[in-house]
Amino acid sequence: MRFRHRSPAPAPIQPAAAPVSVDVGRIGIPVDRLPDETLLAGLGTGDAEIAVAFVRRFQRKVFGVAVAVLGDPSLAEDVAQQTFERAWRHAQVFDSRRGSVQAWLTTIAHNLAIDVVRSRRPTPVDPGELGTLIRELADTPERQAIARESSAELRSAIAELPPEQARVIVMAGIYGMTGREIAEFENIPLGTAKTRIRSAMEKLRVRMAGRRADHD
Amino acid sequence: MTDQDCARLHELGPELALGVLPGDQRALALAHVNRCPSCRDYLRELTAVEDGLLALVPAAEPPVGFEDRVLAGLGITDRPAPRVRRVRSGRRAPRRWLPLAVAAAVVALVCGTLGWMIGDSAEHGTAQAIPAPAVESDLVRADLMTADHHKIGQVFAYLDKDSWMYVSVQAGRYTGSVSCEMTRSGGGPVSAGWFDLTDGRGYWGTPVRVPPDQLTGISLKTAGGTVLAAATFPR
């Protein structure tokens, strides 16, 4: 099981003696406009409309992670399907304090895909695929018309990494390669591989932590 | 806890956050993190990087028929017919309009999310078997607002002969029990029960204990009696 910590909760809301509520109008709520957490909670009911809305909302992201790791659309589809099945089975244990529904799903998909890779993989990753994925992760904000600020910051940070550090970040973070596997693939000492991972992650951590501090 | 332990965690933290640390080292690192708040914060920041990396992975269109295969895998074979939806205002909408699935979501949020429900007790809401709605009925929503106009959650109320209400709180840092009172027209508030918030977050469902046409809203109070937030349903 992957270890996860999440960002702290936002600033406290101060209770007061005389709260004011706001009428929002007696409206019906289309299923496809329900919040992610509500849709997830309704997934386990067996209701087709909720299930369809849930799958449609997240299928591209889930399949995208699976196919990025596996490189095989057929295997990726199996992993993506298993991801939704796990979400359906474990919807009630989702804790929104630990992150978004999308982050939860992509983590499940990533873990399942890594398990498949580790059970099959004689060759960790195609160098061509590695280069392509690095370029996609580091794609500039100018080409991401509606890129979120946090994503743009991380993309920029990845683009600024030395190439060897960007490679190890993708190999470890996306393809799930251990330090030893990276060392063998890159033909470098294990210590060098670990140092590159540490250096790259520290740079990315500082950039993201700095952006959060700016917004606090 | 020693400085050496923290230094070791700083060495192992990146691989731990990326999920590629060997098992024995992972166990030692996690054991230290459980004891060290500073290293826990550090690891939280590293994990945010990993989450950010996954979020950057491009989305991809799955093969044709993927949706159907997933639904079949979930045991769902009857696809819903397309519905025409419209926004109502003012009068209570005709029953034929309201999406049954949304009402079912409210039911599911109470029935299915047992991990979020408070256990049986005299002071807390109890998990009860909830009948599936026999006919489409109104699902209404209102924002939970504090006195200084901060939205901290939502209330969904499914109003029918078996009415239920679902409260979702997702803001602030309050930790503790909160009581929920249903406010009604022509009478005093009715206690609906208690549920817990942790770091400002919590979810809870309960039967509506007043006639649906009298329900005007809810208020949430802390254990000390301070009103945390309130919501008013439209008339």
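Heads up: the structure comes first, above all this text.
Residues numbered from 1 in each chain as written. Chains lettered and ligands numbered in written order. Predicted model: local features only at pLDDT ≥ 70, side-chain atom pairs only at ≥ 80, totals over all residues. Heavy atoms only, no water.

Asks: Tell me about empty space enclosed by the protein, and name the residues and values.
Replies: All names here are of chain B. For the structure shown, the criterion picks out two cavities of 30 Å³ or more. When its volume is computed, the second largest cavity comes out at roughly 40 Å³. Along its surface, the second largest cavity is lined by 10 residues, and Ile152, Ala171, Gly172, Tyr174 and Leu228 are the ones closest to its centre. Here the lining of the second largest cavity is composed, by residue class, of seven nonpolar, two polar and one charged. (1 Å grid on protein atoms, 1.4 Å probe; cavity = no way out; pocket = protein on both sides within 12 Å on 5 of 7 lines; lining within 4 Å. Points joined across faces, edges and corners; volume = space filled by probe spheres on them. Nonpolar A, V, L, I, M, F, W, Y, C, P; charged D, E, K, R; others polar.)

Asks: Tell me what's going on with the environment of Phe66 of chain B, and back it up with residues and numbers.
Replies: With respect to the element layout, Phe66 of chain B can be found in helix 4 (residues 66-73). With relative accessibility at 1%, the residue Phe66 of chain B sits in the buried group. Residue contacts for Phe66 of chain B: discarding those within four places in its chain leaves Val55, Gln59, Glu77, Ala80, Gln81 and Phe84 of chain A. (Helix = DSSP H or I, 4+ residues; strand = E, 2+ residues; numbered from the N terminus. Buried < 20%, exposed > 50% of the residue type's maximum accessible area, 1.4 Å probe, protein only. Contact = heavy atoms within 4.5 Å.)

Asks: Before we move on, could you go through the packing of aromatic side chains and cite the residues and values that matter?
Replies: Here the structure, examined in full by the defined rule, presents five aromatic pairs over all chains. Members of the aromatic cluster, joined through ring pairs, are Phe54, Phe58, Phe63 and Phe84 of chain A together with Phe66 of chain B. (Phe/Tyr/Trp six-rings, centres within 6.5 Å; stacked < 30°, edge-to-face > 60°.)

Asks: Break down the environment of Gly44 of chain A for me, citing the residues and quoting the values.
Replies: Residue and element names in this part refer to chain A. Topologically, Gly44 is positioned in the loop between helix 1 (36-43) and helix 2 (48-70). For Gly44, a relative accessible area of 47% corresponds to the partly exposed category. Sequence separation between Gly44 and Ala87 is 43 residues, and the spatial gap between their C-alpha atoms is 8.8 Å.

Asks: Give me the pattern of salt bridges: which residues, what numbers.
Replies: Throughout the structure, instances matching the rule amount to 15 salt bridges over all chains. Note that Glu186 of chain A and Arg167 of chain A form a salt bridge whose closest N and O atoms lie 2.6 Å from each other. Placement of Glu186 of chain A in helix 8 (residues 179-186) and of Arg167 of chain A in helix 7 (residues 163-173) is noted, with a sequence separation of 19 residues between them. Accessibility expressed as a relative area gives 26% for Arg167 of chain A, which makes it partly exposed. Note that Asp143 of chain B is salt-bridged to Lys151 of chain B, the shortest N-O span being 3.4 Å. When salt bridges with common partners are traced through the structure, they connect Glu153, Glu160 and Arg207 of chain A into a single cluster. (Salt bridge = Lys/Arg side-chain N within 4 Å of Asp/Glu carboxyl O.)

Asks: Now, about the side chain of Lys194 of chain A: what can you tell me, with residues and values included?
Replies: With respect to the helices, strands and loops of the structure, Lys194 of chain A is situated in helix 9 (residues 190-215). When near neighbours in sequence (up to four residues on either side) are disregarded, Lys194 of chain A contacts Glu15 and Gln25 of chain B.

Asks: Lay out the packing of helix 2 of chain A against helix 4 (residues 101-120) of chain A with the relevant residues and their values.
Replies: Residues and elements named next belong to chain A. Between helix 2 and helix 4, the shortest axis-to-axis distance is 9 Å and the interhelical angle comes to 35 degrees. In the crossing of helix 2 with helix 4, the sense of the turn from one axis to the other is right-handed. Counting all contacts with helix 2, which are made through Phe54, Phe58, Lys61, Val62, Val65, Ala66, Val69 and Leu70, the residues of helix 4 involved are Val101, Gln102, Leu105, Thr106, Ala109, His110, Ala113, Ile114, Val116 and Val117. Taken together, the residues that form the contact of helix 2 with helix 4 break down as 14 nonpolar, three polar and one charged. (Axes fitted to C-alpha atoms, helices over the stretch in contact; angles between N-to-C directions. Left-handed = near helix turned anticlockwise from the far one by under 90°.)

Asks: I'd love a proper account of helix 1 of chain A, names of residues and values included.
Replies: The buried fraction of helix 1 of chain A is high, at seven of eight residues. Within the sequence span of helix 1 of chain A, burial applies to Glu37, Thr38, Leu39, Leu40, Ala41, Gly42 and Leu43 of chain A.

Asks: How would you sum up the nonpolar core? Please name residues and give values.
Replies: Note that soluble globular proteins tend to have their nonpolar side chains buried in a common cluster. Membership of the largest hydrophobic core comes to 93 residues, with the highest contact counts inside it found for Leu40, Phe54, Leu137 and Ile174 of chain A. Ranked by residues supplied to this core, first place goes to helix 2 of chain A with 15 residues. Within the second largest apolar cluster, 27 residues are counted, among which are Leu159, Met165, Val208 and Leu215 of chain B. (Core = buried A, V, L, I, M, F, W, Y, C linked by side-chain atoms within 4.5 Å.)

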